[in-house]
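A structural walkthrough
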Amino acid sequence: MKYITLPDNKVRRLSFYLAMEEYVARHFGDEEYFFMWQVNPTVIFGRNQLMENEINMKYVQKNKIEYYRRKSGGGCVYADRSNIMFSYITKDFNVGFTFDKYLRLVAHTLNKLGIKAEATGRNDITVDGKKISGNAFYRTAGKSIVHGTMLFDTNIKDLVLSITPSNEKLITKGIESVRKRVTNLKEYLDIDIGTFKSFMRTQLCDSEIAIQPKEITGIENIEKEYLKESWILGNNPRYTLIKKGYGTAGEIEIRLEIKNGIIKEINLMGDYFPIGEMERFLNTFTGVTFEYNTIRNILDKIKIEEYILNLTQDQFLEILFEENKEPKH
């Protein structure tokens, strides 16, 4: 695996590093690539999440915390200078295999430091049952990109208050609860963050490749997509009802606009991991009757697991046809 370096030590916006992943996927060869990065206090939320549901905007704005939307699925996370972000780009296209391989590789490397890390759940790495790393992935330009957090000495209070709705009664309990489920690597290591990064780099990579100064412009051109207000705010479609469920695929919220019993629009929100062309998947339900057997017949003709990781036909139907959760007023 090759480690990617930049020509300077600037602290850039998170959006730049997301664009850098894409640039590597589009313009570099078919080898495996890896790089680490750090940002000023930032909140990053998943492609299919509603920003207003994920960010405590009052706290974020008051404390000058930046916020961005990424192109991968998964949930909302907080990062600061004491948190390390990992990026892994590969030509492997089997999502389950790629994700599992990456998580196990990182966990194995942490074990070399005497940390009993494990790859657990959908996308986490844990130590003593506490989460130290959450990860997400997406595909672009024929490549798979896995990226995630590595909590080293992150400010847990800011982490909680940035991504938790502002409710004074929940703040103290929220911080206490998160501390029981999340931890920093600093609790297990006697080395500083620079030494840790050097160790990970030498263990995971056998050579390096440098981003050239002229390539920075190409990355910044991709970055412009991430900075558009329309992208950051996302699409909040009209709906007449909302169906919500949670399972092996993660949290899924199905929003439907229905008129005279016909589905006019359907959209999926949540922290699930899309792996196929979601627009194509959703279009198969547009213009059809919102009725159990009709939807089941459609699902019989497609493989839902090729569009959403770990979601089965039965689980989708169960979410869609359970009692209405939130009728439109």
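Residues numbered from 1 in each chain as written. Predicted model: local features only at pLDDT ≥ 70, side-chain atom pairs only at ≥ 80, totals over all residues. Heavy atoms only, no water.

**Comments concerning the overall build of the chain**
Applicable threshold: Every helix listed is a DSSP run of H or I at least four residues long, and every strand listed is a run of E at least two residues long, numbered separately from the N terminus. Relative accessibility under 20% of the residue-type maximum defines a buried residue, over 50% an exposed one, and the middle range a partly exposed one, all with a 1.4 Å probe and only protein chains included. Note on contacts: a residue pair qualifies if any of its non-hydrogen atoms lie within 4.5 Å across the two residues. For the accessible areas, the method is Shrake-Rupley and the probe is 1.4 Å, while residue cover comes only from the protein chains on display.
When its secondary structure is counted, the chain shows twelve helices and 14 strands. With respect to the principal axes defined by its C-alpha atoms, the chain has extents near 60 × 50 × 35 Å. The buried share of the chain, taken over its 329 residues, is 50%. A fraction of 69% describes how many contacts in the chain between residues 6 or more apart in sequence connect residues 24 or more apart. Carbon and sulfur atoms make up 46% of the accessible area of the chain, which totals about 16100 Å².

**Here's the deal with the nonpolar core**
Operational definition: The term nonpolar core refers to a set of buried residues drawn from Ala, Val, Leu, Ile, Met, Phe, Trp, Tyr and Cys, joined through side-chain atoms within 4.5 Å.
Judged by nonpolar contacts, the single largest core of 62 residues is most densely connected at F34, F86, L110, M150, L185, F196 and M200. Considering each element in turn, this core owes the most residues, nine residues, to helix α1 (residues 14-27). If you look at the next biggest cluster of nonpolar residues, it comprises 26 residues, including Y272, I298, L299 and L317.

**Regarding the packing of aromatic side chains**
Selection criterion: Any Phe, Tyr or Trp ring, taking Trp's six-membered ring, that has another such ring centre within 6.5 Å forms a pair; planes under 30 degrees apart are called stacked, those over 60 apart edge-to-face, and the others tilted. Two conditions define a charge located above a ring, namely a distance within 6 Å from the ring centre to NZ of Lys or CZ of Arg, and an angle within 35 degrees of the ring normal.
Per the stated rule, a full pass over the model turns up 18 aromatic pairs. A cation sits over an aromatic face here: R12 above F16, 4.7 Å from the ring centre.

**Quick notes on the layout of surface pockets**
Put simply, the rule reads: A cavity here means a set of 1 Å grid points, computed over protein atoms only, where a 1.4 Å probe fits but cannot escape. A pocket is an open set with protein on both sides within 12 Å along at least 5 of 7 lines, and lining residues have an atom within 4 Å of a point. Grid points are joined across faces, edges and corners, and a volume is the space filled by probe spheres set on the points. Polar here means any residue outside two lists: the nonpolar Ala, Val, Leu, Ile, Met, Phe, Trp, Tyr, Cys and Pro, and the charged Asp, Glu, Lys and Arg; Gly therefore counts as polar.
Of the volumes computed, that of the largest pocket is approximately 1200 Å³. G75, C76, V77, K131 and I163 are, among the 46 residues lining the largest pocket, the residues nearest its centre. In terms of residue count, the dominant contributor to the lining of the largest pocket is strand β9 (residues 130-140) (six residues). Class assignment of the residues belonging to the lining of the largest pocket gives a composition of 21 nonpolar, 15 polar and ten charged. Quantified by volume, the second largest pocket comes out at close to 910 Å³. If you go around the second largest pocket, you meet 31 residues; those closest to its centre are R47, N48, E277, M278 and E279.

**Here we look at helix α12 (residues 313-320)**
What counts is decided by this rule: The arc in question is traced by the directions running from the helix axis to the C-beta atoms.
Of all the positions in α12, only Q313, F316, L317, I319 and L320 are classed as buried. End-on, the buried residues of α12 take up no more than an arc of 160 degrees, which puts them together on one face. Considering only its buried residues, α12 is in contact with β12 (241-247), β13 (250-259), β14 (262-270), α10 (278-283) and α11 (292-301).

**Describing the sheet that holds β14**
Applicable threshold: A pair of strands is considered paired only if DSSP assigns at least 2 bridges between the two. Convention adopted: a line fitted to C-alpha atoms gives each axis, helices being fitted over their contacting stretch, and angles between N-to-C directions are expressed from 0 to 180 degrees.
Taking strand neighbours across the sheet as the criterion, the three strands line up as β12-β13-β14 in an open arrangement whose pairing is antiparallel. Where the open sheet ends on each side, the last strands, each with one partner, are β12 and β14. With direction set aside, neighbouring strand axes in the sheet form an average angle of 20 degrees. In this structure, β12 lies alongside β13, joined through seven bridges in antiparallel fashion. Counterpart to G245 in the pairing with β13 is I252. Strands β12, β13 and β14 of the sheet are contacted by α12, whose axis makes an angle of about 55 degrees with β13.

**Some points on the pairing of strand β6 (residues 83-90)**
With eight of its eight residues buried, β6 lies for the most part within the structure. Here β6 shows two buried faces, one formed by N83, M85, S87 and I89 and the other by I84, F86, Y88 and T90.

**Regarding the sheet that holds strand β5 (residues 77-79)**
Within the open sheet, the three strands sit side by side as β4-β3-β5. Their pairing is mixed. In the strand order of this sheet, the two ends are held by β4 (66-69) and β5, each with one partner. With direction set aside, neighbouring strand axes in the sheet form an average angle of 25 degrees. Summarising the sheet, strand β3 (residues 42-45) and β4 pair through four bridges and their orientation is parallel. Looking across to β4, one finds that T42 is bridged to E66.

**Remarks on the packing of α11 against α12**
The cut-off we apply is this: An angle below 35 degrees is treated as roughly parallel, one above 145 as roughly antiparallel, one from 65 to 115 as roughly perpendicular, and anything else as oblique. Helix crossings get a hand from a simple test, with the near helix turned counterclockwise from the far one by less than a right angle marking a left-handed crossing and a clockwise turn marking a right-handed one.
Between α11 and α12, whose axes approach to 11 Å, the crossing angle comes to 155 degrees. Here α11 is positioned roughly antiparallel relative to α12, judged by the angle of their axes. Here the hand of the crossing between α11 and α12 comes out right-handed. Note on element contacts: α12 touches α11 through Q313, D314, F316, L317 and L320, opposite Y292, I295, R296, L299 and D300.

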